[in-house]
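Commentary on secondary and tertiary structure
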Amino acid sequence: MIKNPATDTRCIATFSIVGRDPDTGEIGVAVQSKFPCVGNAVPWVRASSGAVATQAWANTSFGLRGLELLDQGLSPDEVKEVLISEDEGFMHRQFGIVDTQGRSATFTGDECMYWAGGISGENFACQGNILVGEDTVKAMADAFKTVEGDLAERLTMALMAAQAAGGDSRGMQAAALYIAKEGGGYGGYNDRFIDIRVDEHPDPIVELRRILALYRILFYRTKPGNLIDLNGEHQAYMLKVLRDGGYYEGPDGPWDKAMQKALDTFYSTENFEERMADFGKIDIEVIDYLKTLE
């Protein structure tokens, strides 16, 4: 039996966006709330199915149930109707859905706390409750459609735009980003491409984007064309890094097995495993990142 929202003390008042990138197959959810650890409840994503954000007097079963229904071939609008029909408290619920074809739906129950509503379109759905006003969800939608970059950039910038337009009327506390991609997880073993949570912070969206920048360098894989030869100034720079870190004590000279072993140890110790390259090669983004730490 579903709990009665009128007597339930939980309320995930928030704004969120579900989105899909048709070029990469990435699909995900970004969310911000005056509710700690919001990433534990709102985002539900599966690369083969789609994404669901469930909030307000959240029925978290909508997440897994929604993905299962998408797997069965139902459209987001059809999933919406099934979820509503199975939940006696649906008037207090809010959720957004996008599937792997880019179809979307958003739902806001009539009893959600003011201001509450949503916007859906091709490849996205935005929704929020207890907001300053409608401009928050409009700003999310506009940003998602106009910002350039990968899905993580578009989703998090949509949150930034929403906050700038008013955001949650109660303030900020937590944010999360969850993106799935076939084989996109660490080592390629699952679809959990990005899973970042800011559980408690005075400026959680900014913090989310700071962590995302770090996540990109450590967990994104090398882009085609980014590999360069370890010679000249690039070799000299990396040998200095390796010596300063205690990874290499040998002489200069052409790149050799001892240098490569030191570099591989550096990668494994400093969490750059996803950027490992063939002998005598390095991802230029690794060098660029290391220089920002100086």
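The sections below set out a description of the structure shown in this document. Treat the numbers as computed from the prediction; the structure is a model and nothing was measured. (Residues numbered from 1 in each chain as written. Predicted model: local features only at pLDDT ≥ 70, side-chain atom pairs only at ≥ 80, totals over all residues. Heavy atoms only, no water.)

In terms of helices and strands, the protein chain carries eight helices and twelve strands. Along the first, second and third principal axes, the C-alpha set of the protein chain runs to 70 × 40 × 35 Å. Considering the protein chain as a whole, with its 294 residues, one finds that 50% of them fall into the buried category. A sequence separation of at least 24 residues applies to 55% of the contacts in the protein chain between residues at least 6 apart. For the protein chain, the exposed surface amounts to about 13,400 Å²; the carbon and sulfur share of it is 50%. When the 28 positive and 45 negative side-chain charges of the protein chain are each reduced to one mean point, those points stand 1 Å apart. (Helix = DSSP H or I, 4+ residues; strand = E, 2+ residues; numbered from the N terminus. Buried < 20%, exposed > 50% of the residue type's maximum accessible area, 1.4 Å probe, protein only. Contact = heavy atoms within 4.5 Å. Areas by Shrake-Rupley, 256 points an atom, 1.4 Å probe, with all protein chains shown as cover. Lys, Arg positive; Asp, Glu negative; His and termini not counted. Charge placed at Lys NZ, Arg CZ, Asp CG, Glu CD.)

Once that is clear, we can look at helix H4 (residues 151–164). Here H4 contains 14 residues, and its C-alpha end-to-end distance of 20 Å stays within 8% of the 20 Å for a straight helix at 1.5 Å per residue. Immediately downstream of H4, the backbone of Gly 166 shows phi near 140°, a positive value. (Expected span 1.5 Å × (residues − 1).)

This part covers the pattern of salt bridges. Under the definition given, this model contains 20 salt bridges. Across the salt bridge formed by Arg 65 and Glu 86, the nearest N and O atoms sit 2.7 Å from each other. Within this pair, whereas Arg 65 is found in helix H1 (residues 61–71), its partner Glu 86 is found in the loop between helix H2 (76–85) and strand S5 (93–99), the two being separated by 21 residues in sequence. Ionic pairing is found between Arg 93 and Asp 87, a salt bridge with its closest N-O pair at 2.7 Å. (Salt bridge = Lys/Arg side-chain N within 4 Å of Asp/Glu carboxyl O.)

Bringing the sheet that holds strand S10 (residues 192–198) into the picture now. Here we have six strands laid out as an open sheet, ordered S7-S8-S1-S2-S9-S10, and antiparallel in their pairing. Looking at strand neighbours, the two that pair on one side only are strand S7 (117–121) and S10, the edges of this open sheet. Direction aside, neighbouring strands of the sheet carry axes that sit 5° apart on average. Bridge analysis of strand S9 (residues 174–180) against S10 gives six bridges, and the strand direction is antiparallel. (Pairing = 2+ DSSP bridges. Axes fitted to C-alpha atoms, helices over the stretch in contact; angles between N-to-C directions.)

Reported here for the largest pocket is a volume of approximately 400 Å³. If you go around the largest pocket, you meet 18 residues; those closest to its centre are Arg 216, Tyr 220, Arg 221, Lys 223 and Arg 275. Secondary structure elements with two or more residues in the lining of the largest pocket: helix H5 (204–219) and helix H8 (284–292). A per-element tally of the lining of the largest pocket places H5 first, with four residues. Of the residues belonging to the lining of the largest pocket, the class tally is six nonpolar, three polar and nine charged. Taken as a whole, the second largest pocket holds about 250 Å³ of empty space. If you go around the second largest pocket, you meet 15 residues; those closest to its centre are Tyr 237, Val 241, Phe 266, Leu 290 and Leu 293. Considering every element that reaches the lining of the second largest pocket, the biggest residue donor is helix H6 (residues 232–244), with four residues. Its residues assigned to classes, the lining of the second largest pocket comprises ten nonpolar, one polar and four charged. (1 Å grid on protein atoms, 1.4 Å probe; cavity = no way out; pocket = protein on both sides within 12 Å on 5 of 7 lines; lining within 4 Å. Points joined across faces, edges and corners; volume = space filled by probe spheres on them. Nonpolar A, V, L, I, M, F, W, Y, C, P; charged D, E, K, R; others polar.)

This structure, assessed with the given rule, holds twelve aromatic pairs. Taking the centre distance of 5.8 Å and the plane angle of 20° together, the rings of Phe 266 and Phe 272 count as stacked. Each of the two residues, Phe 266 as well as Phe 272, counts as buried. Consider the rings of Phe 272 and Tyr 289, whose centres lie 6.1 Å apart with planes at 65°: the pair is edge-to-face. You can see Phe 272 sitting in the loop between helix H7 (257–269) and strand S12 (281–283) and its partner Tyr 289 sitting in helix H8, a full 17 residues away along the chain. Given a relative accessible area of 3%, Phe 272 falls into the buried group. By way of ring pairs, the aromatic residues Tyr 247, Phe 266, Tyr 267, Phe 272 and Tyr 289 are connected into one cluster. Arg 154 extends its terminal NZ or CZ atom over the ring of Phe 144, reaching a point 4.1 Å from the ring centre. The ring of Tyr 237 has Lys 291 sitting right over it, with the charged end atom 5.2 Å from the ring centre. (Phe/Tyr/Trp six-rings, centres within 6.5 Å; stacked < 30°, edge-to-face > 60°. Lys NZ or Arg CZ within 6 Å of the ring centre and 35° of its normal.)

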